[in-house]
Amino acid sequence: MTDIIRLPDELGHQLRARREALGLSKSALAEKAGKVREVVYRLEAGEDTTVSSLLAVMGALGLVLRIERAGLPSASEVAARFLEEDDDAP
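Overview of the structure. (Residues numbered from 1 in each chain as written. Predicted model: local features only at pLDDT ≥ 70, side-chain atom pairs only at ≥ 80, totals over all residues. Heavy atoms only, no water.)

1. Thoughts on the pattern of salt bridges
Working step 1: Enumeration over the complete set of coordinates arrives at six salt bridges.
Working step 2: Here Arg19 and Glu20 are joined by a salt bridge, their closest N and O atoms 3.9 Å apart.
Working step 3: Of the charged contacts, one joins Glu47 and Arg42 as a salt bridge, the two residues approaching to 3.2 Å between their closest N and O atoms.
Working step 4: In this structure Arg42 comes out as partly exposed when scored by relative accessible area, which is 28%. (Salt bridge = Lys/Arg side-chain N within 4 Å of Asp/Glu carboxyl O. Buried < 20%, exposed > 50% of the residue type's maximum accessible area, 1.4 Å probe, protein only.)

2. A short note on a nonpolar patch on the surface
Working step 1: There is a patch of nonpolar side chains on the surface, built from Val51, Leu55, Leu65 and Ile67 and spanning about 430 Å² of accessible area.
Working step 2: Turning to its location among the elements, Val51 is positioned in helix H4 (residues 51-60). (Patch = residues over 30% accessible without salt bridge, like charges linked within 9 Å, V, L, I, M, F, W, Y side chains within 5 Å. Areas by Shrake-Rupley, 256 points an atom, 1.4 Å probe, with all protein chains shown as cover. Helix = DSSP H or I, 4+ residues; strand = E, 2+ residues; numbered from the N terminus.)

3. A look at the nonpolar core
Working step 1: In this structure, Leu15, Leu29, Leu43, Val57 and Leu61 are the most contacted members of the largest nonpolar core, which totals 14 residues.
Working step 2: At the level of secondary structure, the elements contributing two or more residues to this core comprise helix H2 (26-33), helix H3 (37-44) and H4.
Working step 3: Broken down by element, the residue count for this core peaks at four residues, all from H4. (Core = buried A, V, L, I, M, F, W, Y, C linked by side-chain atoms within 4.5 Å.)

Structure, rendered in structure tokens:
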């Protein structure tokens with residue numbers, strides 16, 4: 001798991017993939033992290049939550065947060081993101 005994450009929903013997809021790879025339900029992950037199930041739902045949906053909740057869930061998944069200098073997304077990254085959003089439109 002070495003993807004670059006720039007948006008909350010990208011983080012949510014990674015957290016969900018890790019949870020599923022470990023065979024954990026959302027409830028089981030929440031219990032392991034010492035949080036309510038709603039926290040897991042919010043994180044996986046890319047919604048706002050507290051940093052402490054994020055770190056608790058990541059810890060329960062065996063993950064750590066690493067901060068590194070990134071700069072702005074490239075033009076191709078932005079274009080790809082807009083194409084993904086267009087594909088989701090009804």
